[in-house]
Amino acid sequence: MDAASIIRSAPRVIELGGNAAAPVELDEELVSVRGELPDKTVATFEDGEISVAPVSSAPDPSGERRIGPVYRQPGGGLAVPTGRVLVRFAPDDSPQAHSEELGEAGFKVEEVLGYAPHAAWVRPHDEQPVAALSELAKLRSLPGVEHVEPQVLTEMTRRAT
């Protein structure tokens, strides 16, 4: 799938923190790239591991290279989904007990949180950020799931005064 196809398949709006009052909107001109620095980088995240570039200059996704959508916050700052999703179960439940259901939904447990053993970071089997975003509703519908939130890296934005 090329960068333009990835953008077309991304949700138009996602909520930050699972909060309907904090939506971010898809920027159809930009993509995020993990695994290779594009020629025309606009911004970087995670110490340069993830870069943002125009769709037209994005490399083809292959191997370790992952291409994902970029969103705009209400103040204009960038919001870049990483492909990881935080899934929280009831306090007396565990992500490991739901690994089969998570697998059937297209996800694998990447990391159970030591400070919250009822929550885990999960990632889609194909590792692509757009796959994680496209299946949030499926994760929310799994038995025992109390909260689902995509990991999104954001730029600081300034409020108009």
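Relevant structure appears above.
Source: prediction; values computed, not measured. (Residues numbered from 1 in each chain as written. Predicted model: local features only at pLDDT ≥ 70, side-chain atom pairs only at ≥ 80, totals over all residues. Heavy atoms only, no water.)

1. Let's talk about the environment of Leu102
Point 1. By the element assignment, Leu102 lies in helix 2 (residues 99-104).
Point 2. Sequence separation of Leu102 and Ala10 is 92 residues, and the distance between their C-alpha atoms is 21 Å.
Point 3. Not counting residues within four places of it along the chain, the set of residues in contact with Leu102 comprises Phe89, Pro95, Phe107, Val109, Val122, Leu139 and Leu142. (Helix = DSSP H or I, 4+ residues; strand = E, 2+ residues; numbered from the N terminus. Contact = heavy atoms within 4.5 Å.)

2. Overview of empty space enclosed by the protein
Point 1. Tallied over the full model, the rule gives one cavity of 30 Å³ or more.
Point 2. One number sums up the size of the largest cavity: a volume of about 50 Å³.
Point 3. Ser32, Val33, Arg34, Ile50, Arg66, Gly68, Val80, Pro81, Thr82 and Pro129 together form the lining of the largest cavity.
Point 4. A class-by-class count of the residues in the lining of the largest cavity yields five nonpolar, three polar and two charged. (1 Å grid on protein atoms, 1.4 Å probe; cavity = no way out; pocket = protein on both sides within 12 Å on 5 of 7 lines; lining within 4 Å. Points joined across faces, edges and corners; volume = space filled by probe spheres on them. Nonpolar A, V, L, I, M, F, W, Y, C, P; charged D, E, K, R; others polar.)

3. Some words on the pattern of salt bridges
Point 1. Summed over all chains, the structure comprises twelve salt bridges.
Point 2. Connected through salt bridges with shared partners, the residues Arg66, Arg84, Lys108, Glu110, Glu111, Arg123 and Glu127 form a single ionic network. (Salt bridge = Lys/Arg side-chain N within 4 Å of Asp/Glu carboxyl O.)

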